[in-house]
Amino acid sequence: TRYPLVTGVQTCALPISGLQDALLRRGVSGVLSVLLTAGAFALAHALWRPGPWAWATALPALLLGGVYLRTRRLWPCIALHALFNALWWGVLRPLV
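Residues numbered from 1 in each chain as written. Predicted model: local features only at pLDDT ≥ 70, side-chain atom pairs only at ≥ 80, totals over all residues. Heavy atoms only, no water.

Some details on unusual backbone geometry
Selection criterion: Here a helix means four or more residues in a row that DSSP labels H or I, a strand means two or more in a row labelled E, and each is numbered from the N terminus. Residue exposure (1.4 Å probe, protein chains only): buried if accessible area is under 20% of the type maximum, exposed if over 50%, otherwise partly exposed.
With a phi close to 55 degrees, Arg72 is a non-glycine residue in the positive phi region. Tracing the backbone through its elements, the reader meets Arg72 in the loop between helix H4 (58-71) and helix H5 (75-92). Judged by its relative accessible area of 46%, Arg72 falls in the partly exposed class.

Below, the structure written as structure tokens:
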């Protein structure tokens, strides 16, 4: 795609944060909402690019979910996701 950040926000960040928001509005606990959202985040990555590393995204997703739970703002999560991607593609991926 021509604009991967825009596409990523539209296809992943908005629906995933929307899921967490919907769970919280329905009275689901914060911890459970983060766990379910992290699972959905990892599943989305596994469907996009199958493999064990896709499922490993559940770990940083727990942090992203916690940040969203605390701030209820999407931009800090987007910034952290960009940092995670930079670390993965710039540092960790060449080592694997």
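What about the packing of aromatic side chains?
We count it as follows: Two rings from Phe, Tyr or Trp (for Trp, the six-membered ring) form a pair when their centres are within 6.5 Å of each other. A pair whose planes differ by under 30 degrees is stacked, one over 60 is edge-to-face, and the rest are tilted. In this analysis the charged atom, NZ for Lys or CZ for Arg, is taken to sit over a ring once it is within 6 Å of the ring centre and within 35 degrees of the ring normal.
Within the structure shown, the criterion is met by zero aromatic pairs. One cation-aromatic arrangement involves Arg49 over Trp48; the distance from NZ or CZ to the ring centre is 4.6 Å.

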